[in-house]
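Here is what each chain is made of, one letter per residue.
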Number of protein chains: 2
Amino acid sequence: MTDRAFQDYYPDPLSYCYGCGRLNEQGLKIKSYWDGEETVARFHPKPYHTAMPGYVYGGLIASLIDCHGTGTAAAAAYRAQGRPMDTAPPLRFVTASLHVDYLRPTPLGVPLEVRGRVKEIKGRKVVVSATVAANGEICAQGEVVAVQMPEHLLKDDKR
Amino acid sequence: MTDRAFQDYYPDPLSYCYGCGRLNEQGLKIKSYWDGEETVARFHPKPYHTAMPGYVYGGLIASLIDCHGTGTAAAAAYRAQGRPMDTAPPLRFVTASLHVDYLRPTPLGVPLEVRGRVKEIKGRKVVVSATVAANGEICAQGEVVAVQMPEHLLKDDKR
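No experiment lies behind these values; they were computed from the predicted model shown.

Colleague: Would you mind showing me how to read the packing of aromatic side chains here?
Modeller: By convention here, two paired aromatic rings are described through the distance between centres and the angle between planes. Per the stated rule, a full pass over the model turns up six aromatic pairs over all chains. Measuring from centroid to centroid gives 5.8 Å for Tyr57 of chain A and Tyr18 of chain B, while their planes differ by 55 degrees, and the two rings are tilted. Separated into two different chains, Tyr57 of chain A in the loop between β2 (38–43) and α1 (58–80) and Tyr18 of chain B in the segment before β1 (32–35) make up a pair that spans both. Of the two residues, Tyr57 of chain A and Tyr18 of chain B, neither departs from the other in class, the shared state being buried. Through a chain of ring-to-ring contacts, three or more aromatic side chains come together here, namely Tyr18 of chain A together with Tyr48 and Tyr57 of chain B. The ring of Trp34 of chain A has Arg79 of chain A lying over it, and the distance from NZ or CZ to the ring centre is 3.6 Å. The ring of Tyr10 of chain A has Arg92 of chain A lying over it, and the distance from NZ or CZ to the ring centre is 3.9 Å.

See the structure below:
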């Protein structure tokens, strides 16, 4: 793992994502890294990220898979082009579809480990599968179909 | 539509969901209602619920579909049993799987309308399809497979 997360390379105007933008003060600030051929993000839910008492909210788990998925897609696209993430032009991905299977209740109060694997890179599309584990046990698994953001949105700053 | 949302009938110990619990002070407090054979929830994202600038965060959209889906599942299960939601025993659902297709960027700054339709009720399982619209245009569609919460969790209060 390196010190700088995938999301830390996103251009400033695209760094306000509630899930993973480093400039969104209220956001979750999800951070993803390479770990060999897989990617990993670690996240400690807040006490109020409750589903039922003692367990993590499913919408948060979906958010972790979503942002880790698009982050992994971006990192994989740079890697496929053989260039580091701080080189131009920027590659940023949005979610076309998100699927999550909740395998068991995810305990609240421990760090979660999100792991991503690139299933497919084809043109502007990257498919990433992901798991979310607590205490070493996989509690949810999912898939993100990410597509490269259109260039006009990369230049757009409506913030 | 009635004044009381599906989520307002959830027993107190199960009303701390970050998405829709009426007792979660930090939560989103998603509220769902019948509207004929469909269900509806209206939600106004906060300015910080950003994906890219000017658009709504996909994880929030997933959360809306998730909680509106499980709420719709509960309401549909009561309706199928021919009894009001304030009668015992309580029926509360959790998400087994969640799928979201993001059809177009969802504009930030306007109220969102989430609509649910019951696709299937079978045993302890309810399948709900949902759409999320902004300015009358559907921006995302999804599906929730909800399963009735095991009785031991209904009695458990780990909060």
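Colleague: How should I be thinking about the relation of the copies chain A and chain B in this particular structure?
Modeller: In the superposition of chain A on chain B (RMSD 0.0 Å, axial shift 0.0 Å), the rotation amounts to 180 degrees. Taken together, the rotation and translation relating the two chain copies correspond to the operation of a two-fold axis. Ranked by how close their C-alpha atoms come to the rotation axis, the residues of chain A are headed by His99 of chain A, at 2.2 Å. Taken as a fraction of all interface residues of chain A, those also at the interface in chain B reach 100%, which identifies the copy contact as same-surface.

Colleague: Teacher, can you tell me more about helix α1 (residues 58–80) of chain B here?
Modeller: Each α-helix winds once per 3.6 residues, and so residues spaced three or four apart point in a common direction. Residues and elements named next belong to chain B. Here α1 spans 32 Å end to end across 23 residues, near enough to the 33 Å set by a 1.5 Å rise per residue. Counting buried positions along α1 gives 21 out of 23 residues, so the element sits mostly inside the fold. Just past α1, the residue Gly82 takes up positive phi, approximately 70 degrees.

Colleague: Sorry if this is basic, but what is going on with unusual backbone geometry here?
Modeller: Trans is the common state for peptide bonds, and a negative phi is the common state for residues other than glycine. Here the residue pair Ala88 of chain A and Pro89 of chain A is connected by a cis peptide bond, since its omega of -5 degrees sits within 30 degrees of zero. For Pro89 of chain A, the location among the structural elements is in the loop between α1 and β3 (93–102). For Asn135 of chain A, which is not glycine, the phi dihedral falls at a positive 55 degrees. Along the polypeptide, Asn135 of chain A turns up in the loop between β5 (125–134) and β6 (137–148). Even without being a glycine, Lys29 of chain B presents a positive backbone phi close to 55 degrees. By the secondary structure assignment, Lys29 of chain B is in the segment before β1.

Colleague: Honestly, the pattern of salt bridges in this entry has me stumped. Any pointers?
Modeller: Side-chain pairs of opposite charge can arise where the charged atoms are in close proximity. Under the criterion given, the structure shown has 20 salt bridges over all chains. Here Arg22 of chain B makes a salt bridge to Asp12 of chain B, at a shortest N to O gap of 2.7 Å. Separated by 10 residues along the polypeptide, Arg22 of chain B in the segment before β1 and Asp12 of chain B in the segment before β1 bring together distant segments of the chain. With relative accessibility at 23%, the residue Arg22 of chain B sits in the partly exposed group. Of the residues examined, Asp12 of chain B reaches a relative accessible area of 45% and is grouped as partly exposed. Among the charged side chains, a network of salt bridges with common partners joins Asp35, Glu38, Arg42, Glu113, Arg115 and Arg117 of chain A.

Colleague: Quick question: what am I supposed to make of the interface of chain A and chain B here?
Modeller: When the parts of a complex come together, some accessible area is lost, and that lost area is often used as the size of the interface. The interface is formed by 37 residues belonging to chain A together with 37 residues belonging to chain B. Overall, the association of chain A and chain B removes approximately 3000 Å² of surface from exposure, summing both partners, and the carbon and sulfur fraction of that is 62%. It is Tyr18, Pro53 and Tyr57 of chain A in chain A that bury the most area against chain B; as a group they hold 22% of the surface buried on that side. If you look at where chain A meets chain B, you find zero salt bridges. For the pair chain A and chain B, the number of links is 13 residue pairs in polar contact (both at pLDDT 80 or more). Secondary structure elements with two or more residues in the side of chain A that touches chain B: α1 and β3 of chain A. The residue inventory of the side of chain A that touches chain B, partitioned by class, reads 20 nonpolar, 12 polar and five charged. Bridge analysis of β3 of chain A against strand β3 (residues 93–102) of chain B gives five bridges, and the strand direction is antiparallel. Following the sheet pairing, Val100 of chain A is matched in β3 of chain B by Leu98 of chain B.

Colleague: Hey, could you run me through the state of the cysteines in this one?
Modeller: Here a disulfide denotes one covalent bond, and it connects the sulfur atoms of two cysteines. On inspection of all chains with the given rule, the structure shows zero disulfides over all chains. Note on Cys17 of chain B: no disulfide assigned, nearest cysteine sulfur contributed by Cys67 of chain B at a separation of 3.8 Å. The class of Cys17 of chain B is buried, set by a relative accessible area of 5%. Here Cys139 of chain B stays free of any disulfide, with the sulfur of Cys17 of chain A as its closest cysteine sulfur at 17 Å.

Calculation criteria
Residues numbered from 1 in each chain as written. Chains lettered and ligands numbered in written order. Predicted model: local features only at pLDDT ≥ 70, side-chain atom pairs only at ≥ 80, totals over all residues. Heavy atoms only, no water. Phe/Tyr/Trp six-rings, centres within 6.5 Å; stacked < 30°, edge-to-face > 60°. Helix = DSSP H or I, 4+ residues; strand = E, 2+ residues; numbered from the N terminus. Buried < 20%, exposed > 50% of the residue type's maximum accessible area, 1.4 Å probe, protein only. Lys NZ or Arg CZ within 6 Å of the ring centre and 35° of its normal. Least-squares fit on C-alpha atoms with pLDDT ≥ 70 in both. Contact = heavy atoms within 4.5 Å. Expected span 1.5 Å × (residues − 1). Salt bridge = Lys/Arg side-chain N within 4 Å of Asp/Glu carboxyl O. Buried area = accessible area lost by both parts, 1.4 Å probe. Polar contact = N/O pair within 3.5 Å; in protein donor to acceptor, adjacent residues only side chain to side chain. Nonpolar A, V, L, I, M, F, W, Y, C, P; charged D, E, K, R; others polar. Pairing = 2+ DSSP bridges. Disulfide = S-S within 2.5 Å.

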